Amino acid sequence: MSRKTIGTLVAGALFGAGLVVSGMTDPRNVIGFLDFSGHWNPRLVAVMAGAVVVYAGMLRLLGPIVRGIRPLPARNNRVDARLVAGAAVFGVGWGLSGYCPGPAIVSLGSGAHSALAFVAAMIVGILAAGAFSGRRRSGCETP
Amino acid sequence: MLTGFFGGALIGLAATVYWLATGRTAGVSGIVDGALREREVRGQRLAFLAGLVAVGLLAAVVGSPAGASPYPTAVLVVAGVLVGFGTRLGGGCTSGHGVCGISRFSIASIVATLTFIAAGAVTVAIATRLFAAAAGS
């Protein structure tokens, strides 16, 4: 295995551990966060805050040290109809399941049947978007 | 709430490791897309996804398996297609836009995150009325 592959494997395991520890692999925590009219569950806010504080801090701390070796792609500040429409479609699917891609894939490992159906359908959706756009767009990689 | 923040910190650390290893931001929908369609990076993307699945398996083994979604399978299939299509059209999901993009103060990511939270909230408001059983949260 190359160093890159080992690095991404470790990153995936850490990412999954973060999702399990924070309770984000339970779709009811996500639906509870989106349910502003019912018993609102603020847990997802804490998860986002923890992730953003650490990642933003690390980028600032390590960025200047590894500059040249590990620059991030240019920041995307373009807001267009495609971005908003895509985010809205994602939001509807998120609300209809309580799953976003990361937690769904972790749940696959736990053997949750609901995750299996969801991930299979998600792959169809990803491939459909690829066929629809006709060109590769590494969007998620370069927000 | 404290476990939420701690778990989030682990996700931030994971995004840091991913960046140091690959020079990319760690967006899960984009990683799945890359594993499916970009042959040259398939190995490293699959390694990341294998890490996610392995942790899910480990969690189930030690007795804290992931919870199931309260929605019926037919709804989950529709939701899955929407999540797959929408994240690729919009160029990111909760991790790519929500965590990585916001950490880098990307305007596009902030707009996308507010949009998918708003769309999700409207959907849940409607769905909890349609599927009374799904409201158990």
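Provided above is the structure to which this section pertains.
All values reported here derive from a predicted model rather than from experimental measurement. (Residues numbered from 1 in each chain as written. Chains lettered and ligands numbered in written order. Predicted model: local features only at pLDDT ≥ 70, side-chain atom pairs only at ≥ 80, totals over all residues. Heavy atoms only, no water.)

Quick notes on the overall build of chain A
Move 1: Along chain A, the regular secondary structure elements total six helices and zero strands.
Move 2: Each helix (α) and strand (β) of chain A, taken in turn from the N terminus, gives the series α-α-α-α-α-α.
Move 3: Considered along the principal axes of its C-alpha atoms, chain A spans approximately 45 × 40 × 35 Å.
Move 4: Burial statistics for chain A: of 143 residues in total, 55% are counted as buried.
Move 5: In chain A, once contacts between residues fewer than 6 apart in sequence are set aside, the share between residues at least 24 apart is 45%.
Move 6: Counting only carbon and sulfur atoms, one obtains 65% of the accessible surface of chain A, whose full area is about 6100 Å².
Move 7: Once the 13 positive and 4 negative side-chain charges of chain A are each reduced to a mean point, those two points are 15 Å apart. (Helix = DSSP H or I, 4+ residues; strand = E, 2+ residues; numbered from the N terminus. Buried < 20%, exposed > 50% of the residue type's maximum accessible area, 1.4 Å probe, protein only. Contact = heavy atoms within 4.5 Å. Areas by Shrake-Rupley, 256 points an atom, 1.4 Å probe, with all protein chains shown as cover. Lys, Arg positive; Asp, Glu negative; His and termini not counted. Charge placed at Lys NZ, Arg CZ, Asp CG, Glu CD.)

Description of empty space enclosed by the protein
Move 1: Counted according to the given criterion, the structure contains two cavities of 30 Å³ or more.
Move 2: Taken as a whole, the largest cavity spans an internal volume of roughly 180 Å³.
Move 3: Looking at the largest cavity, it is lined by 16 residues, and the ones nearest its centre are Leu19 and Cys100 of chain A together with Ile11, Thr94 and Ser95 of chain B.
Move 4: Of all the secondary structure elements, the ones that give two or more residues to the lining of the largest cavity are α1 (3-21), α3 (43-66) and α5 (101-110) of chain A together with α5 (94-103) of chain B. (1 Å grid on protein atoms, 1.4 Å probe; cavity = no way out; pocket = protein on both sides within 12 Å on 5 of 7 lines; lining within 4 Å. Points joined across faces, edges and corners; volume = space filled by probe spheres on them.)

With respect to the side chain of Ser103 of chain B
Move 1: Along the chain, the position of Ser103 of chain B falls in helix α5.
Move 2: Each residue touching Ser103 of chain B, except ones within four places of it in the same chain, is listed here: Ala51, Val52, Tyr55 and Ala56 of chain A.

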